[in-house]
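A structural walkthrough
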Amino acid sequence: VNPAISKGGRRTLWIAFWFLVVFLYAPIVILIIFSFNDSEIVSFPWLGFTLRWYKAFVHAPALLDALQTSLLVATMTAVVATALAIPASIALVRRRFFGKGLVSGLMLAPLVIPLVVLGVSLLILFNAIGFPLGPITAAIGHVVIAMPFAILTMVPRLERIPPALEEASRDLGATAMNTFRLITFPLLVPALISAFLISFTISFDELVIASFIVGDQVTFPVYLYSQLRLPERLPMVIAVAVLILIVSVIVVVASEVGRFLSERRLEAQTGMAADEYGSLRAGKG
Amino acid sequence: MAAEHTGEVLAAPRTRRRRGTAKVNLGLISVPLLWIVLFFLVPVVLVALYSVGVLTLISYDKYLSLQAWRDFLHSSTYLGSPLGRGLFWKSMKMSLGVSITCVILAYPVAYMLALVAGRRKYTLLLVIITPFLTSYLLRVLAWRVLLNPHGVIQEALRGIGVLGDESILSWMYNSIFAVYLVLAYAWVPFVALPIFVALESLDLQMLEASSDLGASRWTTFRRVTLPMSMPGVIAAFVFVFIPTIGEFVTPQIVGGKGGYLFGNVIQSSFSASFDWQLGSAMAVFMLAAVTILLAIFGRYLNVRTVAE
């Protein structure tokens, strides 16, 4: 007998689950269907199947520019956020130092600030120091909100890499740098890829901060947002957004599955090595 | 011989390590920390200073003046639109309603996945979460396409004759309802995650113990499961409340005049009316509200539950 649920309750909960799934996916599916409608209005009546909205954006230079800017900003964000998250996570997991609680709180604080507040704050900062707004300022802002996610992706992975492996490397005479390069880093790679993809996705989709500090060279979400005033552009904009949606879902799901698989492999590999080293040390000690 | 030799090698790096520790710690944490200080902490302090005119940036700014705060706290309208406290409370109510709705919608599903679904639970959880990982703007846009007077829903209702050809359902679009619905839609997947994590770490033996001691399933839920999952519920609540309190994108896309929120007046004081000081005062006020919220609920929060 399952103490968590009765038979009837089980059926009710499954219905609740599928109800939620339909609620979550139906709007997206309907949007995708109507993006093929041969009509200027994304709605009924259905005037036939067309791919013209999907072809139209190739001839919309402003849209392509915005996509390019978004790729640039997201790449810069992902590279910097991941690069900064590596030493930060190592310090938070492996090291003890004064004020660690405060530091980790500060590093994760951007998770709990309304983005509109961060957006106007950065706008005022860049105006005050006279730094011109552009893709770089947008990327700076995006790193602030992406880094906590990158850190939170790496920390659990680091915690699962037994410190004994690094100690073994140091005991065998490797420098700290070599230990990182040869032991920690290779084991960290799957989390690194996840952190990179998460940061990239956050930046690519981010509208609020970008709308304040990206300047005239707008990113794709800012462009899309501004086009909503022009109903005739809507079908084309939706078509592009659908394409991006499909790509991003594939990337995200693939990376989640990849992370899950590599987690299993890590446990198998490092568990064995750490056990051997542990018994070796115990024997010698 | 061999054992002694190993002993030496083991001992050697230890001393070397200890000496360099402080420097290594500083080296590891300095750049990421500097980034957060420069581009997070400093700007927030700067906004507070700017709202009282310690520094001025655009021509409308008043040097060393509490005018922006007075405007915000005392006047009920500004440039013809409702302002300040009224909109702030409207946003608070909206965020509260959305957070509670999300928790109520997500809890049974998280419960089902964590305690009933068995081995498929992670796959099914991914099914729930995936929409959250896709474009926010597109998901809001989807509802504009569904809800607007000539959108999919109302046209379909006209098609089957439920709605007259000329009539529209005005409550459905450009309304407070539309904002509420779309925000709840957007945040439900995110809420499921921390509740799932809290429920999953529940020891099933405790539920068995409870039922062995004669408690009904409902009593077990009320007295054991629910209290133990509260940290997840609170985390979920806070992590929906905070982003939605500053929301201006969704109100602008599906909310119209009726759905205008506090975030919108902040945004438009920077992009339309160019009263940056007023906008800053309101941003600082919002941040203060969030800080109070975190001070109350902070100890229940485990940020990890939302990221793993």
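What counts, and at which threshold
By convention here, each chain's residues receive numbers from 1 onward along its written sequence. The naming scheme follows written order: chains are lettered A onward, ligands numbered 1 onward. For this predicted model, a pLDDT threshold of at least 70 governs which residues receive local features, and a threshold of 80 or more governs which side-chain atom pairs are given and counted, while totals over whole chains, interfaces and linings are taken from all residues. With hydrogens and water stripped out, all remaining heavy atoms of the structure feed into the side-chain values. Helix numbers and strand numbers start at the N terminus; a helix is a DSSP run of H or I with at least 4 residues, a strand a run of E with at least 2. Each radius of gyration is computed over the set of C-alpha atoms, and the globule rule expresses the reference value as 2.2 Å times the number of residues to the power 0.38. Each residue is assigned to one of three classes by its accessible area relative to the maximum for its type, calculated with a 1.4 Å probe on protein chains only: buried under 20%, partly exposed between the two thresholds, exposed over 50%. Working rule for contacts: check all heavy atoms of both residues, and any pair within 4.5 Å makes them a contact. Only the protein chains shown count as cover for residues, and all accessible areas are computed by the Shrake-Rupley method using a 1.4 Å probe. By convention, a stacked pair of Phe, Tyr or Trp rings (six-membered ring in the case of Trp) has centres within 6.5 Å and planes under 30 degrees apart, an edge-to-face pair has planes over 60 apart, and any other such pair is tilted. Polar contacts here mean pairs of N or O atoms no more than 3.5 Å apart (in protein, one a potential hydrogen donor and the other a potential acceptor; neighbouring residues in sequence count only if both atoms are side-chain atoms). Residue type decides the class: Asp, Glu, Lys and Arg count as charged, Ala, Val, Leu, Ile, Met, Phe, Trp, Tyr, Cys and Pro as nonpolar, and the leftover types, Gly among them, as polar. Axes here refer to lines fitted to C-alpha atoms; in helices the fit is confined to the stretch in contact. Angles between the N-to-C directions go from 0 to 180 degrees. Put simply, angles under 35 degrees are roughly parallel, angles over 145 are roughly antiparallel, angles from 65 to 115 are roughly perpendicular, and the rest are oblique. When a carboxyl oxygen of Asp or Glu lies within 4 Å of a side-chain nitrogen of Lys or Arg, that pair is called a salt bridge. Residue-level confidence of the predictor is what pLDDT reports, using numbers from 0 through 100. Cavities and pockets are found on a 1 Å grid laid over the protein atoms alone: a cavity is a set of points where a 1.4 Å probe fits but cannot escape, a pocket is an open set with protein on both sides within 12 Å along at least five of seven lines, and a lining residue has an atom within 4 Å of such a point. Grid points are joined across faces, edges and corners, and a volume is the space filled by probe spheres set on the points. By this rule the span expected of a helix is its residue count minus one, scaled by 1.5 Å. To count toward a patch, a residue needs a relative accessible area over 30% and no salt bridge; like charges are then connected within 9 Å, while nonpolar side chains (Val, Leu, Ile, Met, Phe, Trp, Tyr) are connected within 5 Å.

As for the overall build of chain A
Counting secondary structure elements, chain A contains eleven helices and zero strands. The C-alpha radius of gyration of chain A comes to 24 Å, more than 25% above the 19 Å expected for a compact globule of 285 residues. For chain A, with 285 residues in total, the buried portion stands at 53%. In chain A, the proportion of contacts linking residues at least 24 apart, taken out of those at least 6 apart, comes to 73%. Summing over all exposed atoms, chain A offers an accessible surface of approximately 12,800 Å²; the carbon and sulfur share of this is 70%.

Thoughts on the overall build of chain B
Helix and strand content of chain B: twelve helices and two strands. Listing each helix as α and each strand as β along chain B from the N terminus yields α-α-β-β-α-α-α-α-α-α-α-α-α-α. The proportion of buried residues among the 308 residues of chain B is 51%. Within chain B, residue pairs in contact and separated by at least 24 positions form 69% of the contacts whose partners lie at least 6 positions apart.

With respect to the packing of aromatic side chains
Taken as a whole and judged by the stated rule, the model has 28 aromatic pairs over all chains. Measuring from centroid to centroid gives 5.9 Å for A:Phe126 and A:Phe131, while their planes differ by 45 degrees, and the two rings are tilted. What makes A:Phe126 buried here is its relative accessible area of 2%. Aromatic pair B:Tyr111 and B:Phe221: ring centres 5.8 Å apart, planes at 80 degrees, arrangement edge-to-face. Remark: B:Phe221 occurs in helix H9 (residues 217-245) and B:Tyr111 occurs in helix H3 (residues 85-116); sequence separation between them is 110 residues. By the ring-pair criterion, three or more aromatic residues cluster together here, those being A:Phe126, A:Phe131, B:Trp35 and B:Phe39.

Examining unusual backbone geometry
A positive phi angle, close to 50 degrees, is found at B:Asn174, a residue other than glycine. Take B:Asn174: it is sitting in the loop between helix H6 (152-159) and helix H7 (176-200).

Observations concerning the interface of chain B and chain A
The interface is formed by 91 residues belonging to chain B together with 91 residues belonging to chain A. On the surface where chain B and chain A come into contact, there are six residue pairs in polar contact (both at pLDDT 80 or more). When residues in the side of chain B that touches chain A are grouped by element, the largest group, 27 residues, is from helix H1 (residues 2-51) of chain B. Among the residues forming the side of chain B that touches chain A, the class breakdown is 68 nonpolar, twelve polar and eleven charged.

Structural notes on the environment of A:Ser262
Residue and element names in this part refer to chain A. Turning to its location among the elements, serine 262 is positioned in helix H11 (residues 234-284). Judged by its relative accessible area of 7%, serine 262 falls in the buried class. A sequence separation of 71 residues divides serine 262 from alanine 191, and the C-alpha atoms of the two residues are 9.1 Å apart. Apart from residues no more than four positions distant in its own chain, serine 262 is found in contact with Arg157 and Pro190.

Thoughts on the packing of H9(B) against helix H12 (residues 276-297) of chain B
All names here are of chain B. Closest axis-to-axis distance for the H9/H12 pair is 11 Å, and the angle between their directions is 175 degrees. In this view, H9 runs roughly antiparallel relative to H12, as classed from their interaxial angle. Residue-level inspection shows Ile234, Val238, Phe241, Ile242 and Ile245 of H9 in contact with H12, the latter providing Met286, Val290, Leu293, Leu294 and Phe297.

Some points on the side chain of A:Thr184
Within the secondary structure, A:Thr184 sits in helix H8 (residues 176-205). Those residues in contact with A:Thr184 that lie beyond four places of it in its chain are A:Leu158, A:Ile161, A:Glu166 and A:Thr179.

Observations concerning the packing of helix H3 (residues 61-94) of chain A against helix H10 (residues 220-227) of chain A
When two helices pack together, their arrangement is given by the angle between the helix axes and the distance between those axes. All names here are of chain A. For the pair H3 and H10, the least separation of the axes is 7 Å and the interaxial angle reads 145 degrees. Taken together, the residues of H10 that come into contact with H3 (itself represented by Ala62, Leu63, Ala66, Leu67 and Ser70) are Phe220, Pro221 and Tyr223. By residue class, the composition of the contact of H3 with H10 is seven nonpolar, one polar and no charged.

Some details on the pattern of salt bridges
All names here are of chain B. With the rule as written, the count across this model stands at four salt bridges over all chains. For lysine 121, the salt bridge is made with glutamate 200, and the minimal N-O distance between the two is 3.2 Å. With lysine 121 in helix H4 (residues 121-133) and glutamate 200 in helix H7, this pair connects stretches of sequence that are 79 residues apart. Judged by relative accessible area, glutamate 200 falls into the partly exposed class, the value being 27%.

As for the confidence of the model for chain B
Where the model shows low pLDDT, its predicted coordinates should not be examined in detail. Residue and element names in this part refer to chain B. The predicted model of chain B averages 81 in pLDDT, with 86% of residues at 70 or higher. Put simply, strand S2 (residues 81-82) is where chain B has its lowest mean pLDDT, 51, and H7 is where it has its highest, 91. Counting contacts from residues 1-16, a segment whose pLDDT is below 50, to residues more than four positions away or on other chains yields ten contacts. The ipTM assigned to the predicted complex is 0.84, against a pTM of 0.85.

A word on empty space enclosed by the protein
Residues and elements named next belong to chain A. A complete count under the given rule lists one cavity of 30 Å³ or more for this structure. In this structure, the largest cavity encloses a volume near 30 Å³. Around the largest cavity, the lining residues are Phe34, Ser35, Asn37, Ser39, Ile41, Val42, Trp53 and Pro235. A class-by-class count of the residues in the lining of the largest cavity yields five nonpolar, three polar and no charged.

Topic: helix H1 (residues 7-34) of chain A
A rise of 1.5 Å per residue sets the reference length of H1(A), with its 28 residues, at 40 Å; its end C-alpha atoms lie 40 Å apart and thus fit the reference within 8%. Taken together, the buried positions of H1(A) are occupied by A:Gly9, A:Leu13, A:Trp14, A:Phe17, A:Leu20, A:Val21, A:Phe23, A:Leu24, A:Pro27, A:Ile28, A:Leu31 and A:Phe34.

Some thoughts on the environment of B:Ala281
Residue and element names in this part refer to chain B. By secondary structure assignment, the location of alanine 281 is in helix H12. Residue alanine 281 is classed as buried on the basis of its relative accessible area of 0%. Expressed as a C-alpha distance, the spacing of alanine 281 and glutamine 67, which sit 214 residues apart in the sequence, is 9.8 Å. Those residues in contact with alanine 281, other than ones at most four positions away along the chain, are Ser51, Ala68 and Trp69.

Looking at the side chain of B:Thr250
Residue and element names in this part refer to chain B. Along the polypeptide, threonine 250 turns up in helix H10 (residues 249-255). According to the relative accessible area criterion, threonine 250 is buried, its value standing at 0%. At 2.8 Å, the side chain of threonine 250 and the side chain of tyrosine 136 are in polar contact.

A short note on a nonpolar patch on the surface
Residues and elements named next belong to chain A. On the surface, Val29, Ile33, Phe44, Trp46, Phe49 and Leu51 cluster together into a nonpolar patch covering about 560 Å² of accessible area. Mapped onto the elements of the fold, leucine 51 is located in the loop between H1 and helix H2 (52-56). Judged by its relative accessible area of 38%, leucine 51 falls in the partly exposed class.

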